[in-house]
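Given next are the chains, with one letter for each unit.
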Amino acid sequence: MALSIFDYSIIGFYFVFVLGIGYYLKNSIKTSEDFFLSGRSIPAWITGLAFIAANLGALEVMGMVANSTKYGILTAHFYWLGAIPAMAFVGVFMMPFYYGSKARSVPEYLKLRFDEKTRGFNAISFAVLTLLMSGINMYAMGIIFKLLLGWSFHFSVLVSAAIVLLYVFYGGLTSSIYNEVIQFLLIVFGLFPLSYLGLRKVGGWDKLVERLPDNFVHLWSTLGSAAKNPMGIEWFGMIFGLGFVLSFGYWCTDFLVIQRGLASKDLNAARRTPLIGAFPKMIFPLFVVLPGMIAVLVIPEFKSVIPTLLKTGHVPTTINYNMALPLMMKHFMPTGLLGLGLTALLASFMSGMAGNVTAFNTVWTFDIYQSYIKPDMPDKHYIWMGKMATVFGVLVSIGLTYIVMYFNNLMDYMQLLFSFFNAPLFATFLLGMFWKKTTSDGAFWGLVSGTGAAAIHYFFIFKTGVIHYGSEMSANFYGAIIAWLVCFFTTIIISYFTKPKEDSEMVGLVYSLTTSENKKNIPLYLKPSFLAGIVLFATLIVNIIFW
Amino acid sequence: MRLDIKLPIGLFFSIIGFILILSGILDKQKIVSQLGYNFNLWWGIIILVFGIIMLLFYFIKKS
């Protein structure tokens, strides 16, 4: 497919703007807090949009469309059961400890609340995970541009990576956050035409529901047993695995998103960050789930999905679902619009990658380099190190891109990684923040055993076929549940046998020892609990509508 | 604030909207034959309006 002058000029202007923002912000970096945390000065609506944009990497966008082609509307559970309640929880209950403790990163909070080894374990596993995510992102981008335009895989990966490198290198987190807001808007403007034109083609929502089987268009009514829905999972695994462990594990502990909250100008703005992000997050299934569902009817490559599902109860596993979004774009977007759609994808790729890189350079510099390699250097030295870590992070992600090629569904793979690292971490945070008797040894060994349990479950129980699951996705949900439970109970048991910290050391870090100050004089619409109430109620309503 | 983000957002989306409108005018036949009507034109206008509103907010706040 050839691009016209319109398509190229949209892509071109996009590059000019992201680089321009990075260049403009170059002189605002005076201290390491400026570079890594934007000097804690950004208004909540900006950090709120960046909060979800950092997560909207190409693999989130492409992966969610792919999932919807494979599992139908069940994919919306990632939003309406998973993300939204977790985002409300982190805003209302957890942000006060992250922001209030003045920790500069999630691992640093673990150091303040527990000890050095817990921080080290988390910092290193997070650094590895983040770079892997970045690699997945790049891979996604590379194959899209190869398929749609015939561009060389290496060329598109290298050019996009170079641009991210430049704007993060010069402008640090502020540059990343500002660009994420533009990228978020671009994704909305670029993907909406796909849903609109697609729905028009199949004759509207009612016609779509009519032409698809029940278990492809209902959120809850087919979750009674694993055999009845394409994801091969029943309500317990869905609610506890995805809704509780995986989603809370990701949105409440992943520094990639928490970092956007830490860049806010005050505690109230930090708490509103995930809540403001939750509103647009709620309508995102319109941009990703809907096109995926339309693809099974319109795109020839996926014609066999529904007949196979009706005949065998499973969707075919031999199809490469990752291509769903690129194929839809190719099918529906004329010249000009295609440029906008491609720029939206470029934007999602870049915001995802910049999110990973800024989180990586911060954790590397504060939690690994400053803690273990070179402490007590002048502040300028750490800015320099942050820039070097940015270069290093981009280079390593390019290398990791090729590992990703061996997996059939990007999203399944991502959930697998989360079940290894984030799922047990959420148990550690829950106990650490709300139960003051949790000890450092309990937290550390809980984390190690939780991650170990996830790995054992995956390699020795699932892969060897000891237990059979309805799908790879279902196996990941249960892996996460196991990791969480093992971490939760190991932490409690060890905490009973070891000595907790003194209360005085945990002020501002634990719920029962923290007095909430700023309750006074905040107008209702700025209250985190009020915003959380609205967004949770709206989420409940959509769950009922699509029951 | 070091840089009011409404300025780059406003500029960027005004330009993008303009380009889409232009493609809707110049490539009209191709688009209409693929989609049945001139989607580029309308979508371009919506994006352009969004960009202009952002610029307005920026200048109101500045003055």
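In this text the structure is predicted, and so the values were computed from the model without any measurement.

1. Considerations on the overall build of chain A
So, point 1. When helices and strands are tallied, chain A shows 22 helices and zero strands.
So, point 2. Here the C-alpha coordinates of chain A stretch approximately 65 × 50 × 50 Å along the principal axes.
So, point 3. Sequence separation of at least 24 residues holds for 84% of the intrachain contacts in chain A that already meet a minimum separation of 6.
So, point 4. Put simply, chain A shows about 18,600 Å² of open surface, and 69% of that area lies on carbon and sulfur atoms.
So, point 5. Here chain A holds 35 positive side-chain charges and 25 negative ones, and the gap between their average locations is 4 Å.

2. Details of the packing of aromatic side chains
Residue and element names in this part refer to chain A.
So, point 1. In the structure shown here, the tally under the stated rule is 61 aromatic pairs over all chains.
So, point 2. Residues Tyr109 and Phe429 carry aromatic rings whose centres are separated by 5.7 Å and whose planes lie at 25° to one another, so their mutual orientation is stacked. Highlighted residues: Tyr109 in helix H6 (residues 106–113) and Phe429 in helix H19 (residues 410–434), separated in sequence by 320 residues. Neither Tyr109 nor Phe429 differs from the other in exposure class; each is buried.
So, point 3. Over the ring of Phe366 we find Arg104; its NZ or CZ atom is 3.7 Å from the centre of that ring.
So, point 4. Here Lys387 stacks its cationic end above the ring of Phe169, 5.1 Å away from the centre of that ring.

3. Focus: a nonpolar patch on the surface
So, point 1. A surface patch of nonpolar side chains, about 770 Å² in accessible area, is lined by Trp42, Ile45, Val49, Ile52, Ile53, Leu56, Phe57 and Ile60 of chain B.
So, point 2. Structurally, the position occupied by Val49 of chain B is in helix H3 (residues 39–62).

4. Some details on the interface of chain B and chain A
Interfaces are often sized by the amount of accessible area the parts lose when they come together.
So, point 1. Opposite the 27 residues of chain B that make contact, chain A presents 36 residues.
So, point 2. With both sides pooled, the region where chain B packs onto chain A buries about 3,000 Å², and carbon together with sulfur makes up 81% of that total.
So, point 3. Our enumeration of links across chain B and chain A arrives at zero salt bridges.
So, point 4. Counting the contacts that link chain B with chain A gives three residue pairs in polar contact (both at pLDDT 80 or more).
So, point 5. Only helix H1 (6–26), helix H2 (28–35) and H3 of chain B provide two or more residues apiece to the side of chain B that touches chain A.
So, point 6. For the side of chain B that touches chain A, the element with the most residues is H1 of chain B, which contributes twelve residues.

5. Regarding unusual backbone geometry
Across the chain, the bulk of peptide bonds are trans and the bulk of non-glycine residues have phi less than zero.
Residue and element names in this part refer to chain A.
So, point 1. At Lys102, a residue that is not glycine, the phi angle is positive and equals roughly 65°.
So, point 2. Note that Lys102 resides in the loop between helix H5 (77–100) and H6.
So, point 3. With a phi angle near 60°, Asp376 is a residue other than glycine that sits in the positive phi range.
So, point 4. Looking at the secondary structure, you find Asp376 in the loop between helix H17 (337–373) and helix H18 (379–400).

6. Here we look at the environment of Ser160 of chain A
So, point 1. Residue position: Ser160 of chain A is located in helix H8 (residues 153–202).
So, point 2. For the pair Ser160 of chain A and Met141 of chain A, spaced 19 residues apart in sequence, the C-alpha to C-alpha distance is 8.8 Å.

7. Structural notes on the nonpolar core
So, point 1. With 215 residues, the main nonpolar core has Tyr98 and Phe302 of chain A as its most contacted residues.
So, point 2. Of all the elements, H8 of chain A adds the most residues to this core, at 21 residues.

8. Quick word on the packing of helix H7 (residues 116–149) of chain A against H17 of chain A
Residues and elements named next belong to chain A.
So, point 1. Between H7 and H17, whose axes approach to 9 Å, the crossing angle comes to 160°. Relative to H17, the element H7 lies roughly antiparallel. In this structure, the crossing between H7 and H17 has a hand that is left-handed.

9. Overview of the environment of Leu19 of chain A
All names here are of chain A.
So, point 1. Note that Leu19 resides in helix H1 (residues 5–24).
So, point 2. When the C-alpha positions of Leu19 and Ala50 are compared, they lie 17 Å apart, and in sequence the two are 31 residues distant.
So, point 3. When residues no more than four places from it in sequence are discounted, the contact partners of Leu19 are Ile163 and Leu166.

Thresholds applied
- Residues numbered from 1 in each chain as written.
- Chains lettered and ligands numbered in written order.
- Predicted model: local features only at pLDDT ≥ 70, side-chain atom pairs only at ≥ 80, totals over all residues.
- Heavy atoms only, no water.
- Helix = DSSP H or I, 4+ residues; strand = E, 2+ residues; numbered from the N terminus.
- Contact = heavy atoms within 4.5 Å.
- Areas by Shrake-Rupley, 256 points an atom, 1.4 Å probe, with all protein chains shown as cover.
- Lys, Arg positive; Asp, Glu negative; His and termini not counted.
- Charge placed at Lys NZ, Arg CZ, Asp CG, Glu CD.
- Phe/Tyr/Trp six-rings, centres within 6.5 Å; stacked < 30°, edge-to-face > 60°.
- Buried < 20%, exposed > 50% of the residue type's maximum accessible area, 1.4 Å probe, protein only.
- Lys NZ or Arg CZ within 6 Å of the ring centre and 35° of its normal.
- Patch = residues over 30% accessible without salt bridge, like charges linked within 9 Å, V, L, I, M, F, W, Y side chains within 5 Å.
- Salt bridge = Lys/Arg side-chain N within 4 Å of Asp/Glu carboxyl O.
- Buried area = accessible area lost by both parts, 1.4 Å probe.
- Polar contact = N/O pair within 3.5 Å; in protein donor to acceptor, adjacent residues only side chain to side chain.
- Core = buried A, V, L, I, M, F, W, Y, C linked by side-chain atoms within 4.5 Å.
- Axes fitted to C-alpha atoms, helices over the stretch in contact; angles between N-to-C directions.
- Parallel < 35°, antiparallel > 145°, perpendicular 65-115°, else oblique.
- Left-handed = near helix turned anticlockwise from the far one by under 90°.

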